[in-house]
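Coordinate inspection notes
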Amino acid sequence: GESVGLHLPTLSVQEGDNSIINCAYSNSASDYFIWYKQESGKGPQFIIDIRSNMDKRQGQRVTVLLNKTVKHLSLQIAATQPGDSAVYFCAEIPDSNYQLIWGAGTKLIIKP
Amino acid sequence: NAGVMQNPRHLVRRRGQEARLRCSPVKGHSHVYWYRQLPEEGLKFMVYLQKENIIDESGMPKERFSAEFPKEGPSILRIQQVVRGDSAAYFCASSRGTSGRVTGELFFGEGSRLTVL
């Protein structure tokens, strides 16, 4: 259930544009999903979560979309800023479980 | 990162030495999780503890690694006879988790970076 050792996929986005980060999850029994942001040299930081009875949830400048049919999760960041530069991880939590199953992560680079 | 304190932030050890990593959870949190992260990779679950109990250590190697979360004091991740492959960042997270179920209320520390020479 843990991520496989791979070079991180990278997404380069112009400052001010919207960013869309995608994640495929593995367990159809997962009923809770979290997006984390990890800046260089720091620990993961909670961004937004969503439960499986929803398909969309909005926060401040961020939106998470959940497509259970294809087991796909996305994080949309509006008006991307330099401070959004980080690695973004999705995590799934199977029903009645306490373990986070982490996705591989996507490195977001902001171009000035 | 709501107050999870890890120390040391950086630790250098020679092969065969012991490494002790400490984690003080957010005040009031009684659930602690340890994760390991290699560069450019996601976090790998190691162990889940509640006060004085190990709930799940399935992600932790059986040899050389141990963890505790005593009634008083921080949680400790201990690595004996370190090898180069133990070099990684070790993250601790805590939650109030009254049911043991992870929710978004899971707060991570800044990590301890172990380098084995």
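Check the entry above for the structure.
Here goes a summary of the coordinates provided. (Residues numbered from 1 in each chain as written. Chains lettered and ligands numbered in written order. Predicted model: local features only at pLDDT ≥ 70, side-chain atom pairs only at ≥ 80, totals over all residues. Heavy atoms only, no water.)

A word on the overall build of chain A. When its secondary structure is counted, chain A shows 0 helices and 10 strands. Shown N-terminal to C-terminal, the secondary structure of chain A runs as helices and strands in the order β-β-β-β-β-β-β-β-β-β. Taken over the C-alpha trace, chain A has a radius of gyration of 14 Å; the compact-globule value for 112 residues is 13 Å, and the two agree within 12%. Taken over the C-alpha atoms alone, chain A extends approximately 45 × 30 × 20 Å along its principal axes. Taken over 112 residues, chain A has a buried fraction of 44%. Pairs at least 24 apart in sequence give 55% of the contacts found in chain A among residues at least 6 apart. When the accessible surface of chain A is split by element, carbon and sulfur atoms take 47% of a total near 5,600 Å². Within chain A, the 10 negative side-chain charges are centred at a point lying 3 Å from the centre of the 10 positive side-chain charges. (Helix = DSSP H or I, 4+ residues; strand = E, 2+ residues; numbered from the N terminus. Rg over C-alpha atoms; globule rule 2.2 N^0.38 Å. Buried < 20%, exposed > 50% of the residue type's maximum accessible area, 1.4 Å probe, protein only. Contact = heavy atoms within 4.5 Å. Areas by Shrake-Rupley, 256 points an atom, 1.4 Å probe, with all protein chains shown as cover. Lys, Arg positive; Asp, Glu negative; His and termini not counted. Charge placed at Lys NZ, Arg CZ, Asp CG, Glu CD.)

All names here are of chain A. Pairing is antiparallel across the open sheet formed by 4 strands, whose spatial order is 2-7-6-5. Looking at the sheet topology across the chains shown, the edges are occupied by strand 2 (19-24) and strand 5 (56-58). Neighbour to neighbour, the strand axes of the sheet diverge by 15° on average, direction disregarded. Inspection of the sheet shows strand 6 (residues 62-67) paired to strand 7 (residues 72-77) by 6 bridges, in the antiparallel sense. Within the sheet, the bridge partner assigned to Leu65 lies in strand 7 and is Ser74. (Pairing = 2+ DSSP bridges. Axes fitted to C-alpha atoms, helices over the stretch in contact; angles between N-to-C directions.)

What follows covers the nonpolar core. Core analysis: the largest hydrophobic core is formed by 23 residues, its most contacted members being Trp34(B), Met46(B), Leu77(B) and Tyr90(B). Within the residue set of this core, elements represented by two or more residues are strand 3 (19-24), strand 4 (31-37), strand 5 (43-50), strand 7 (65-68), strand 8 (75-79), strand 9 (88-95) and strand 11 (112-116) of chain B. When residues no more than four places from it in sequence are discounted, the contact partners of Met46(B) are Trp34(B), Tyr35(B), Arg36(B), Asp56(B), Glu57(B), Ser58(B), Gly59(B), Met60(B), Phe65(B), Leu77(B) and Tyr90(B). Leu8(A), Ala91(A), Tyr33(B) and Tyr35(B) belong to the second-largest nonpolar core, a separate cluster that totals 20 residues. (Core = buried A, V, L, I, M, F, W, Y, C linked by side-chain atoms within 4.5 Å.)

Once that is clear, we can look at the state of the cysteines. Residues and elements named next belong to chain B. Scanning the model with the defined rule gives 2 disulfides over all chains in all. Disulfide partner of Cys23: Cys92, at an S-S distance of 1.8 Å. Judged by the torsion about the S-S bond (-55°), the Cys23/Cys92 disulfide is left-handed. Of the two residues, Cys23 is situated in strand 3 and Cys92 in strand 9; the sequence distance between them amounts to 69 residues. Judged by its relative accessible area of 0%, Cys23 falls in the buried class. By relative accessible area, Cys92 is classed as buried at 0%. (Disulfide = S-S within 2.5 Å.)

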